[in-house]
Protein chains: 2
Amino acid sequence: MSKRGRARGKVRLDAGSRSENNYLVKIGASTGRGIRSPDTERLRRDLHTYMAKRGLRSTEQRRLIIDTFFDAGEHITIEGLLKQVRAVDSRVGYATVYRTMKLLTESGVVQEHKFGDGFTRYELADDESHHDHLICLECGKITEFEEPLIEELQDRVANRYGFQVKQHKHELYGVCADCQKRQSSKRKSR
Amino acid sequence: MSKRGRARGKVRLDAGSRSENNYLVKIGASTGRGIRSPDTERLRRDLHTYMAKRGLRSTEQRRLIIDTFFDAGEHITIEGLLKQVRAVDSRVGYATVYRTMKLLTESGVVQEHKFGDGFTRYELADDESHHDHLICLECGKITEFEEPLIEELQDRVANRYGFQVKQHKHELYGVCADCQKRQSSKRKSR
DNA sequence: ATTATTGCAAATATTTTGCAATAAC
DNA sequence: GTTATTGCAAAATATTTGCAATAAT
């Protein structure tokens, strides 16, 4: 009865013990050009404004967590983030990471994703150009895609029902090209 | 520190204590006709075949849970289902409901949905015509919609990346027409 | 007679929280 | 000096599981 041995309230977050793949591929719409990365300068400003407005404080831990997150690849998990943070300051508690990511989420600077592997993943918000995800069920690779026509049709659907969309989730789950190749070659060799 | 008072390993599942709305609206694509309900006869046959093939047994509890589920509205939760089941036979344990819904999911007869309120919801699978969801963040109403053009574009995106789609999730979160009305009238009366 | 299933309680596992100590303002 | 923040352990909470008893085959 244990996929990972973890005592309650003891060690917690032995980061990396579960296969927590975190590939990332970014490909833009029909053209194939890369998806533009979010404007981190603006996001940092937004966050600063948000915090100032409610008297929230800039602590050493927050700065470390936020900087680490901004530098880290996207779709990072709490575990992955804490691991990186603790490489710099081992005394940071995981509650602080949770609380900081919650703050970032509430400020609108990051977006939470639950892709169904049990880990909440975080990525920088990007208001300008929305992207969605292809998630490989074999290797966990997450590929981003943009398709403005889908967004448009989606808006039209919402309109039809007088529905005001605040956010959306469009995720395709399946097998990526690499894993298909891997599978077929394995089949051949048997 | 308690949204709902629940002792560990004690009473569990005091169904109905959290606001667990479960409205349902079905509206078809551009035409506005209703979305066809799934072919329950076929699904029951599929399930029977699936169970027979692996020597799984038809017990009183399973029959009760399955019948109750087939009769119940869609997007039902474990809590809601157990509540209805216990109205007939109060001795049914929640582990049995979990296990039965897992069986149904694995057989491909039902689909799990996690709309983000912490409850897993279940609905009958419908291979013929896929539908997606509008989820109201205010009242929890779930509206189904069909948009074949989105499905087509989606397939095209997957193709572009050589990605083999097994399932997908397309959910729009926001405020439904009713709640928008309610909000604006409240604003007026103040 | 064999073995799948049930029901219970306990275990899991992610996230949240109470609280005393600390640090930012 | 006030009050937000931290870190810890414990709580919360949906789901899963070990196990002995029971029931379906």
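Preceding block: the structure.
Throughout this description, residue numbers start from 1 for each chain and increase along the sequence as written. Lettering for chains starts from A, numbering for ligands starts from 1, and both go in the order in which the items are written. Only residues with pLDDT of at least 70 get local features here, since the model is predicted, and only at 80 or more are side-chain atom pairs given and counted; chain-wide, interface and lining totals rely on the full set of residues. The side-chain figures draw on all heavy atoms in the structure; neither hydrogens nor water molecules are used.

**Considerations on the overall build of chain A**
Turning to step 1, where the next piece is worked out: Scanning chain A for helices and strands turns up six helices and seven strands.
Turning to step 2, where the next piece is worked out: Under the scheme used here, helices are H or I runs from DSSP no shorter than 4 residues and strands are E runs no shorter than 2 residues, and both carry numbers assigned from the N terminus. Listing the helices and strands of chain A from first to last along the sequence gives β-α-α-β-α-α-β-β-β-β-α-β-α.
Turning to step 3, where the next piece is worked out: Burial here depends on accessible area, computed with a 1.4 Å probe over protein chains only, as a share of the maximum for the residue type. Under 20% is buried, over 50% is exposed, and the range in between is partly exposed. For chain A, the proportion of its 190 residues judged to be buried stands at 43%.
Turning to step 4, where the next piece is worked out: To measure how exposed things are, a 1.4 Å probe is used in the Shrake-Rupley method; for residues, cover is taken only from the protein chains shown. Just so you have it, chain A exposes about 11100 Å², and 47% of that area is on carbon and sulfur atoms.

**Brief notes about a negative patch on the surface**
Residue and element names in this part refer to chain A.
Turning to step 1, where the next piece is worked out: Taken together, the side chains of Asp39, Glu41, Asp127 and Glu128 present a region of like negative charge at the surface.
Turning to step 2, where the next piece is worked out: Inspection of the secondary structure puts aspartate 39 in the loop between β1 (24–27) and α1 (40–53).
Turning to step 3, where the next piece is worked out: Taking the relative accessible area as the measure of exposure, aspartate 39 reaches 40% and is therefore partly exposed. Patch criteria: residues need more than 30% relative accessible area and no salt bridge. Like-charged residues are merged within 9 Å; nonpolar side chains of Val, Leu, Ile, Met, Phe, Trp and Tyr are merged within 5 Å. Here a salt bridge means any side-chain nitrogen of Lys or Arg lying within 4 Å of a carboxyl oxygen belonging to Asp or Glu. Note on charges: Lys and Arg go in the positive column, Asp and Glu in the negative column, and His and the chain ends are not counted at all. Where a charge lies is defined by one atom per residue type: Lys uses NZ, Arg uses CZ, Asp uses CG and Glu uses CD.

**What to know about the relation of the copies chain B and chain A**
Turning to step 1, where the next piece is worked out: C-alpha atoms of residues with pLDDT of at least 70 in both copies form the basis for the least-squares superposition of the copies. The transform that puts chain B on chain A rotates by 180° and translates by 0.0 Å along the axis, for an RMSD of 0.1 Å. Look at the turn and shift together and you get a two-fold axis relating the two. Closest to the rotation axis within chain B is the C-alpha of histidine 170 of chain B, separated from it by 2.1 Å.
Turning to step 2, where the next piece is worked out: In this description, contact between two residues means that some pair of their heavy atoms is separated by no more than 4.5 Å. Looking at the interface residues of chain B, 100% of them are also at the interface in chain A, so both copies use one shared face.

**Details of helix α5 (residues 148–160) of chain A**
Turning to step 1, where the next piece is worked out: The end-to-end C-alpha distance of α5 of chain A, which contains 13 residues, comes to 18 Å, matching closely the 18 Å that a straight helix rising 1.5 Å per residue would cover.
Turning to step 2, where the next piece is worked out: Those residues of α5 of chain A that fall on the buried side of the exposure criterion are Ile150, Glu151, Leu153, Gln154, Val157 and Ala158 of chain A. Taken down its axis, α5 of chain A places every buried residue within 165° of arc, on the same side.
Turning to step 3, where the next piece is worked out: Buried residues along α5 of chain A sit against β5 (132–136) and β7 (164–175) of chain A together with β6 (142–145), α5 (148–160) and β7 (164–175) of chain B. Here a helix's expected span is defined as the number of its residues, less one, multiplied by 1.5 Å. Each C-beta atom gives one direction from the helix axis, and the arc is the one those directions make.

**Notes on the sheet that holds strand β2 (residues 76–77) of chain B**
All names here are of chain B.
Turning to step 1, where the next piece is worked out: Spatially, three strands are ordered β2-β4-β3 in an open sheet, and the strand pairing comes out antiparallel. The two strands at the open ends of the sheet, each matched to only one other strand, are β2 and β3 (110–114).
Turning to step 2, where the next piece is worked out: Both β2 and strand β4 (residues 120–124) contribute to a ladder of two bridges, which runs antiparallel. Within the sheet, the bridge partner assigned to threonine 77 lies in β4 and is arginine 121. Two strands are counted as paired when DSSP detects at least two bridges linking them.

**As for the packing of aromatic side chains**
All names here are of chain A.
Turning to step 1, where the next piece is worked out: Ring pairs are drawn from Phe, Tyr and Trp, using the six-membered ring of Trp, whenever the two centres fall within 6.5 Å, and their geometry is named by plane angle: stacked under 30 degrees, edge-to-face over 60, tilted for the rest. Going through the model one piece at a time under the given rule, you end up with two aromatic pairs over all chains.
Turning to step 2, where the next piece is worked out: Ring centres of phenylalanine 69 and phenylalanine 70 lie 6.2 Å apart, and the angle between their planes is 85°; on these two criteria the pair is classed as edge-to-face.
Turning to step 3, where the next piece is worked out: On the accessibility criterion, phenylalanine 69 (2% relative accessible area) is buried.
Turning to step 4, where the next piece is worked out: Residue classification places phenylalanine 70 among the buried positions, given a relative accessible area of 10%.
Turning to step 5, where the next piece is worked out: We count a charge as sitting over a ring when the NZ of a lysine or the CZ of an arginine lies within 6 Å of the ring centre and within 35 degrees of the ring normal. Stacked on the ring of phenylalanine 70, the Lys or Arg arginine 44 has its end atom at 4.4 Å from the ring centre.

**Remarks on the side chain of histidine 170 of chain A**
Turning to step 1, where the next piece is worked out: If you trace the backbone, histidine 170 of chain A turns up in strand β7.
Turning to step 2, where the next piece is worked out: Polar contact criterion, stated in full: a pair of N or O atoms within 3.5 Å, where within protein one must be able to donate a hydrogen and the other to accept it, and residues adjacent in sequence count only if both atoms are side-chain atoms. Only 2.6 Å separates the side chain of histidine 170 of chain A from the side chain of glutamine 154 of chain B, close enough to count as a polar contact.
Turning to step 3, where the next piece is worked out: Residue contacts for histidine 170 of chain A: discarding those within four places in its chain leaves Asp132, His133 and Ile150 of chain A together with Ile150, Gln154, Lys169 and His170 of chain B.

**Section: the sheet that holds strand β3 (residues 110–114) of chain A**
Turning to step 1, where the next piece is worked out: Taken together, the three strands give an open sheet; going across it, the order is β2-β4-β3 (chain A), and neighbouring strands pair in antiparallel fashion. Because the sheet does not close on itself, it has two edges, and the strands there are β2 (76–77) and β3 of chain A.

**So, the packing of helix α2 (residues 60–71) of chain B against helix α4 (residues 94–106) of chain B**
The relative placement of two packed helices is expressed as an angle between their axes plus a distance between the axes.
All names here are of chain B.
Turning to step 1, where the next piece is worked out: Every angle, taken between N-to-C directions, lies between 0 and 180 degrees, and every axis is a line fitted to C-alpha atoms, over only the stretch in contact when it is a helix. Interhelical geometry of α2 versus α4 gives an angle of 65° and a closest axis separation of 10 Å. One element, α2, and the other, α4, form an angle in the roughly perpendicular class. Helix-helix and strand crossings are classified by hand; for α2 and α4 the assignment is right-handed. Contacts between α2 and α4 involve Gln61, Arg62, Ile65, Ile66 and Phe69 from the former and Thr96, Val97, Thr100, Met101, Leu103 and Leu104 from the latter.
Turning to step 2, where the next piece is worked out: A breakdown of the residues in the contact of α2 with α4 according to their chemical character gives seven nonpolar, three polar and one charged. Reported orientations rely on four angle classes, namely roughly parallel under 35 degrees, roughly antiparallel over 145, roughly perpendicular from 65 to 115, and oblique for the rest. What makes a crossing left-handed is the near helix being turned counterclockwise from the far one by less than a right angle; a clockwise turn instead makes it right-handed. Following the grouping adopted for this structure description, the nonpolar residues are Ala, Val, Leu, Ile, Met, Phe, Trp, Tyr, Cys and Pro, the charged ones are Asp, Glu, Lys and Arg, and the polar ones are all others, Gly among them.

**As for the environment of cysteine 139 of chain B**
Turning to step 1, where the next piece is worked out: As for its placement among the helices and strands, cysteine 139 of chain B is situated in the loop between β5 (132–136) and β6.
Turning to step 2, where the next piece is worked out: Counting along the chain gives 40 residues from cysteine 139 of chain B to cysteine 179 of chain B, while the straight-line C-alpha distance between them is 7.2 Å.

**Regarding the interface of chain B and chain A**
Turning to step 1, where the next piece is worked out: Facing 38 residues of chain B, the contacting portion of chain A comprises 38 residues.
Turning to step 2, where the next piece is worked out: Throughout, the accessible surface (probe 1.4 Å) given up by two parts as they are put together, summed over both, is called the buried area. Taking both partners together, chain B and chain A bury about 3200 Å²; carbon and sulfur atoms supply 66% of that area.
Turning to step 3, where the next piece is worked out: Per-residue buried area on chain B facing chain A is highest for Tyr161, Phe163 and Lys169 of chain B; these three make up 22% of the total on that side.
Turning to step 4, where the next piece is worked out: At the boundary of chain B and chain A, one finds two salt bridges.
Turning to step 5, where the next piece is worked out: With a closest N to O distance of 3.1 Å, arginine 160 of chain A and glutamate 147 of chain B form a salt bridge.
Turning to step 6, where the next piece is worked out: Taken together, chain B and chain A are joined by 14 residue pairs in polar contact (both at pLDDT 80 or more).
Turning to step 7, where the next piece is worked out: Those elements giving two or more residues to the side of chain B that touches chain A turn out to be β5, β6, α5, β7 and α6 (177–189) of chain B.
Turning to step 8, where the next piece is worked out: Per-element tally for the side of chain B that touches chain A: the top contributor is β7 of chain B, with twelve residues.

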